[in-house]
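Close look at the chain arrangement
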Amino acid sequence: DGGITQSPKYLFRKEGQNVTLSCEQNLNHDAMYWYRQDPGQGLRLIYYSQIVNDFQKGDIAEGYSVSREKKESFPLTVTSAQKNPTAFYLCASSIQTVSNQPQHFGDGTRLSIL
Amino acid sequence: ILNVEQSPQSLHVQEGDSTNFTCSFPSSNFYALHWYRWETAKSPEALFVMTLNGDEKKKGRISATLNTKEGYSYLYIKGSQPEDSATYLCASNNYGQNFVFGPGTRLSVLP
């Protein structure tokens, strides 16, 4: 079945440590996204990629980095510069960034600080 | 940055009641409005994508309408069931912008 796979489901970060969240899709979608959700808030866009080897900052990119070396993969690194990383992270993909087709989401990664 | 708003923030209804929520979005450069249902411990699931003013979509007991001129969409649930309990998200897709999600409406259907 086609879909989006995020791993791990739960992740713990020590102070000063970088951690990478994985996102893989086999839907042949060009666009991929990373969102962050905090309690009581909606989804906020961290980074997005319209095509391989291209990515753009979203609304809350500070303290995060991404790469898009393959169409299927869009990993997110939470760096030590992100002072409040505890949140739920969702990866999504769509055919294009402007589309009448919906986004498809992974199951999410919950990141906590040790 | 677009501002997409949803109301109410949360809602409790009795099983069998019908209910509706609102999503408001900027109408300039509008392309599409998306509705998603997000159940606890699952990923958001697409319900509807609407593009034309006056669009109405239906899926079982759930339906949605779209007014692109005034920038709002309604989601209706007829005869709510406990399995309808979820957070309902809307997202606006405008030219020159990415998907912008509203904060969601959390629905609890009490048996």
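Shown above is the structure to which this text applies.
Okay, so let's go over this structure.

We now examine the nonpolar core. The biggest cluster of nonpolar side chains holds 23 residues, and the ones touching the most others in it are B:Leu33, B:Trp35, B:Leu75, B:Tyr88 and B:Leu107. If you list the elements that add at least two residues to this core, you get strand S2 (10–14), strand S3 (19–24), strand S4 (30–38), strand S5 (45–50), strand S7 (62–67), strand S8 (72–77), strand S9 (86–94) and strand S11 (105–110) of chain B. Excluding residues within four positions of it along the chain, B:Leu33 makes contact with B:Cys23, B:Phe25, B:Phe48, B:Val49, B:Met50, B:Leu66, B:Ser73, B:Cys90, B:Ala91 and B:Ser92. Grouped together as the second largest cluster of nonpolar side chains are 20 residues, A:Ile60, A:Ala61, A:Tyr64 and A:Val78 included.

Before going further, it helps to examine the side chain of B:Thr68. As for its placement among the helices and strands, B:Thr68 is situated in the loop between S7 and S8. Setting aside residues up to four positions removed in sequence, B:Thr68 forms contacts with B:Phe25, B:Ser27, B:Phe30, B:Thr51, B:Leu52 and B:Asn53.

Residue and element names in this part refer to chain B. Taken together, five strands build an open sheet; the order of strands is S1-S3-S8-S7-S6 and the sheet is antiparallel. At either margin of the open sheet sits one strand with a lone partner, and together these are strand S1 (5–7) and strand S6 (56–59). The sheet shows a mean angle of 15 degrees between the axes of neighbouring strands, direction not considered. One ladder, built from six bridges, connects S7 with S8; its direction is antiparallel. Within S8, the residue paired with threonine 65 across the bridge is tyrosine 74.

Let us look at the packing of aromatic side chains. In this description, a pair of aromatic rings is defined by centroid distance and the angle of the planes. This structure, assessed with the given rule, holds 15 aromatic pairs over all chains. Arranged with centres 6.2 Å apart and planes meeting at 40 degrees, the rings of A:Tyr35 and A:Phe105 form a pair that is tilted. One end of the pair, A:Tyr35, is in strand S4 (residues 31–37); the other, A:Phe105, is in strand S10 (residues 104–105), with 70 residues separating them in the sequence. What makes A:Tyr35 buried here is its relative accessible area of 1%. A relative accessible area of 8% means that A:Phe105 is categorised as buried. Seen from their ring centres, A:Phe88 and B:Trp38 are 6.1 Å apart, and the 35 degrees between their planes marks the pair as tilted. With one member in each of two chains, A:Phe88 in strand S9 (residues 87–94) and B:Trp38 in strand S4 form a pair that bridges those chains.

Many structure descriptions define interface size as the accessible area lost when the parts assemble. Each partner contributes residues to the interface: chain B has 22 residues there, and chain A has 24 residues. For the pair chain B and chain A, the summed buried surface comes to about 1,700 Å²; carbon and sulfur atoms form 63% of the total. At the boundary of chain B and chain A, one finds zero salt bridges. Linking chain B to chain A there are two residue pairs in polar contact (both at pLDDT 80 or more). Those elements giving two or more residues to the side of chain B that touches chain A turn out to be S4, S5, S9 and strand S10 (99–101) of chain B. With five residues, the top contributor of residues to the side of chain B that touches chain A is S4(B). Looking at the side of chain B that touches chain A residue by residue, the classes come out as 13 nonpolar, nine polar and no charged.

Turning next to unusual backbone geometry. The amide bond that connects A:Ser7 to the next residue, A:Pro8, takes the cis arrangement and shows omega of -5 degrees. Position of A:Pro8 among the secondary structure elements: in the loop between strand S1 (4–7) and strand S2 (10–13). Between B:Ser7 and B:Pro8 the backbone carries a cis peptide bond, its omega angle lying at -5 degrees. Assignment of secondary structure puts B:Pro8 in the loop between S1 and S2. Positioned with a positive phi, A:Asn53 is a non-glycine residue whose angle comes to about 65 degrees. Relative to the assigned elements, A:Asn53 resides in the loop between strand S5 (43–51) and strand S6 (54–57). At B:Asn29, a position not held by glycine, the phi torsion is positive, near 55 degrees. By the element assignment, B:Asn29 lies in the loop between S3 and S4. Note on B:Asn29: relative accessible area 52%, which makes it exposed.

What counts and what doesn't
- Residues numbered from 1 in each chain as written.
- Chains lettered and ligands numbered in written order.
- Predicted model: local features only at pLDDT ≥ 70, side-chain atom pairs only at ≥ 80, totals over all residues.
- Heavy atoms only, no water.
- Core = buried A, V, L, I, M, F, W, Y, C linked by side-chain atoms within 4.5 Å.
- Buried < 20%, exposed > 50% of the residue type's maximum accessible area, 1.4 Å probe, protein only.
- Helix = DSSP H or I, 4+ residues; strand = E, 2+ residues; numbered from the N terminus.
- Contact = heavy atoms within 4.5 Å.
- Pairing = 2+ DSSP bridges.
- Axes fitted to C-alpha atoms, helices over the stretch in contact; angles between N-to-C directions.
- Phe/Tyr/Trp six-rings, centres within 6.5 Å; stacked < 30°, edge-to-face > 60°.
- Buried area = accessible area lost by both parts, 1.4 Å probe.
- Salt bridge = Lys/Arg side-chain N within 4 Å of Asp/Glu carboxyl O.
- Polar contact = N/O pair within 3.5 Å; in protein donor to acceptor, adjacent residues only side chain to side chain.
- Nonpolar A, V, L, I, M, F, W, Y, C, P; charged D, E, K, R; others polar.

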